[in-house]
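# Secondary and tertiary structure notes
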Amino acid sequence: MFDTSLVVDGHVVLRDRHIGRLLEACEIFGLDVSDASIEALMDSAVPAGETGALRVTVTRGPGARGLVGTTATTPTVLTSFTPQALNYPPPPVRLGVSAIHRNPTAPSALYKTLSYGDAIMGHRRALEAGFDDALFVTPDGRVSCSSVANIWARFGSALVTPPRGDGVVAGVMRNWILEHAAQAGYQVSERSLRLEDLRDADGVFLTNSLRLLVPVRAIDDLDFAPELPAKLVGLVGDLLTQAARTREA
């Protein structure tokens, strides 16, 4: 399992949510790690006052061969920090619909695991075709996500994102918006979307923990206004300001 979080001025944005999601995934996959160990390693990996990306990886650890693992093991936890400037909001992107389908029944589609081959290949093929990222759909045509982000469609003041059952990782920013967007006057919901539904959208954007809100200006040959919802931009900006002031943001 792995988790990637944004660090601003030495503080992990939505730190407790990242730890909680990683621990949930570890429990699902049978990796016995404690929140105290994750917290300690995260804190030791973040340089004081730095801004960048923090990655935490948990593996089963050394043990006998085999898919199941019949002997007791101690999970291995790795952390790494990469300094990088915060560019918020980022420039708009173009998505290409991937020929690789998202399997909504696969546990690897619902959690951040090292089984990332489909996302890597989809992203690589999208770049080769002149896009910035890939958009994945399920075999029956439901929109799922990009290779690294959750997707949202805006219809007036309503924000819609696909449900977990459509092969969606519960992104930390996705969940935060579901809980907080009402403060900026938006109605949020989770429901299935198809590509034809997006033709009626007033805008499309992506969310992930590092880039936060990313405007989408096109999906294949379908163009969108590249502006982000202004009040939502401000709401996330407030989150960043808070993160710079308090460790628990």
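The preceding data block contains the structure.
Residues numbered from 1 in each chain as written. Predicted model: local features only at pLDDT ≥ 70, side-chain atom pairs only at ≥ 80, totals over all residues. Heavy atoms only, no water.

### Describing the layout of surface pockets
In this structure, the largest pocket spans a volume of roughly 820 Å³. Lining the largest pocket are 42 residues, and of these Lys112, Tyr116, Ser147, Val148 and Ala149 sit closest to its centre. Of all the elements in the fold, those that place two or more residues in the lining of the largest pocket are strand E1 (2–8), helix H3 (107–110), helix H4 (117–128), strand E6 (133–137), strand E7 (143–146), helix H5 (172–180) and strand E11 (203–208). Looking at the lining of the largest pocket residue by residue, the class counts come to 18 nonpolar, 15 polar and nine charged. (1 Å grid on protein atoms, 1.4 Å probe; cavity = no way out; pocket = protein on both sides within 12 Å on 5 of 7 lines; lining within 4 Å. Points joined across faces, edges and corners; volume = space filled by probe spheres on them. Helix = DSSP H or I, 4+ residues; strand = E, 2+ residues; numbered from the N terminus. Nonpolar A, V, L, I, M, F, W, Y, C, P; charged D, E, K, R; others polar.)

### Quick notes on the pairing of strand E5 (residues 93–97)
Two strands pair when backbone bridges link them, and E5 and strand E12 (residues 212–219) are joined in this way by three bridges, in the parallel orientation. Across the sheet, Arg94 pairs through a bridge with Ala218, a residue of E12. Judged from the three bridges that link them, E5 and E6 form a sheet pairing that is parallel. The residue bridging Gly96 from the neighbouring strand is Ala134, located in E6. (Pairing = 2+ DSSP bridges.)

### Overview of the side chain of Thr138
Residue position: Thr138 is located in the loop between E6 and E7. For Thr138, a relative accessible area of 1% puts it in the buried group. Within the local environment of Thr138, its side chain forms a polar contact with the side chain of Asp140, the two groups lying 2.4 Å apart. With sequence-adjacent residues up to four places away left out, Thr138 is seen in contact with His101, Arg102, Pro104 and Asp166. (Buried < 20%, exposed > 50% of the residue type's maximum accessible area, 1.4 Å probe, protein only. Polar contact = N/O pair within 3.5 Å; in protein donor to acceptor, adjacent residues only side chain to side chain. Contact = heavy atoms within 4.5 Å.)

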